[in-house]
Amino acid sequence: VQLQASGGGLVQVGGSLRLSCTASGSIRSINHLNWYRQAPGKQRDLVAGITSDSSTRYADSAKGRFSISRDNAKNTVYLQMSSLKPEDTGVYYCNAGVLTTYNYLEVWGQGTLVTVSS
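Below: a short report on this structure. (Residues numbered from 1 in each chain as written. Predicted model: local features only at pLDDT ≥ 70, side-chain atom pairs only at ≥ 80, totals over all residues. Heavy atoms only, no water.)

Here's the deal with the side chain of Arg-37
The test is simple: Only DSSP runs of H or I covering at least 4 residues are called helices, and only runs of E covering at least 2 are called strands; the numbering of each starts at the N terminus. Throughout this description, buried means an accessible area under 20% of the type-specific maximum (1.4 Å probe, protein chains only), exposed means over 50%, and partly exposed covers the range between. Polar contact is defined as a pair of N or O atoms within 3.5 Å, subject to the rule that within protein one atom must be able to donate a hydrogen and the other to accept it, and that residues adjacent in sequence are counted only when both atoms are side-chain atoms. Contacts are assigned to residue pairs that have any heavy atoms within 4.5 Å of one another.
Inspection of the secondary structure puts Arg-37 in strand β4 (residues 27–38). You can call Arg-37 buried: its relative accessible area is 14%. Within polar-contact distance, the side chain of Arg-37 engages the side chain of Tyr-92 at 2.9 Å. Setting aside anything within four residues of it in sequence, one finds Arg-37 in contact with Gln-43, Arg-44, Asp-45, Val-47, Ser-61, Phe-66, Glu-87, Asp-88, Thr-89, Gly-90, Val-91 and Tyr-92.

See below:
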């Protein structure tokens, strides 16, 4: 099972970006899907998460500005980010709990870089 993240880039303060992350492989079902951010020199922190029944949670810094959603038919999770700030800069990683044909895996994507410029 692999996760492929995309959608990062350079954006000005106040701008918007939409990140996508698609899972592929021998997938029976996907439980939770999360987005994490790792800023330069800092630990990786949870930004937003969505469960199998589409319950969502957000870091305080993301509430009101970011929205996480999923498309189960496409095995894809999205993170819509708006009103971006310089402190949103970092590498964004997607994470998923995946039930495969053989086992249950916690899978990580390769990360996509978001840079918010002032």
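Now that the structure is up, let's keep going.
Comments concerning the state of the cysteines
Quick reminder of the rule: Criterion for a disulfide: a pair of cysteine sulfur atoms within 2.5 Å.
Evaluated as defined, the whole model comprises one disulfide. Two residues, Cys-21 and Cys-94, share a disulfide whose sulfurs are 2.0 Å apart. Sign of the S-S torsion, about 60 degrees for the bond between Cys-21 and Cys-94, identifies this disulfide as right-handed. Of the two residues, Cys-21 sits in strand β3 (residues 17–24) while Cys-94 sits in strand β9 (residues 90–100), which places them 73 residues apart along the sequence. Cys-94 sits in the buried class, given a relative accessible area of 0%.

A few points about the nonpolar core
Here is the rule we go by: What makes a nonpolar core is a set of buried Ala, Val, Leu, Ile, Met, Phe, Trp, Tyr and Cys residues whose side-chain atoms join them at distances within 4.5 Å.
Counting residues in hydrophobic clusters, the biggest one holds 27 residues, and the most contacted among them are Trp-35, Phe-66, Leu-79, Met-81 and Tyr-92. Mapped onto this core, the elements with two or more residues apiece are β1 (2–6), β3, β4, β5 (44–50), β7 (66–71), β8 (76–81), β9 and β11 (112–117). Excluding anything up to four places from it in sequence, Tyr-92 contacts Leu-19, Trp-35, Tyr-36, Arg-37, Val-47, Phe-66, Leu-79, Met-81, Gly-111, Thr-112 and Val-114.

Considering the pattern of salt bridges
The condition that has to hold: Note on definitions: salt bridges are taken to be side-chain nitrogens of Lys or Arg within 4 Å of carboxyl oxygens of Asp or Glu.
Taken as a whole, this structure holds three salt bridges when the rule is applied. Taking the shortest distance from any N to any O, the salt bridge between Arg-37 and Asp-88 comes out at 3.7 Å. Of the two residues, Arg-37 sits in strand β4 while Asp-88 sits in the loop between β8 and β9, which places them 51 residues apart along the sequence. Judged on exposure class, the residue Arg-37 and its partner Asp-88 are both buried. Among the salt bridges present, the one from Asp-88 reaches Arg-65, with a minimum N-O distance of 2.8 Å.

Some words on the sheet that holds β8
Put simply, the rule reads: In this analysis, strands are considered paired if DSSP registers two or more bridges between them. Under this scheme, a helix contributes an axis fitted over its contacting stretch, all axes are lines through C-alpha atoms, and angles between N-to-C directions fall in the 0 to 180 degree range.
One open sheet holds the four strands; their spatial order is β1-β3-β8-β7, and the pairing between them is antiparallel. Lying at the two open borders of the sheet, with one neighbouring strand each, are β1 and β7. Taking each pair of neighbouring strands and ignoring which way they run, the sheet shows an average axis angle of 15 degrees. Relative to β8, β3 runs antiparallel, the two sharing six bridges. Counted as the bridge partner of Thr-22 is Thr-76 from β8.

Here's the deal with the side chain of Ser-20
Tracing the backbone through its elements, the reader meets Ser-20 in strand β3. Once residues lying within four places of it in the same chain are set aside, the contact partners of Ser-20 are Gln-4, Ala-5, Ser-6, Trp-35, Val-77 and Tyr-78.

A few points about the pairing of β5
Note: β4 against β5, six bridges, orientation antiparallel. What sits directly across from Arg-37, in β5, is Asp-45. Of the pairings in the sheet, the one linking β5 to strand β6 (residues 56–58) comprises three bridges and is antiparallel in character. Counted as the bridge partner of Ile-50 is Thr-56 from β6. Hairpin connection, β5 to β6: the antiparallel pair is bridged by five residues, and Ser-54 has positive phi, about 70 degrees.

As far as function goes, none of this settles anything; it's purely spatial.
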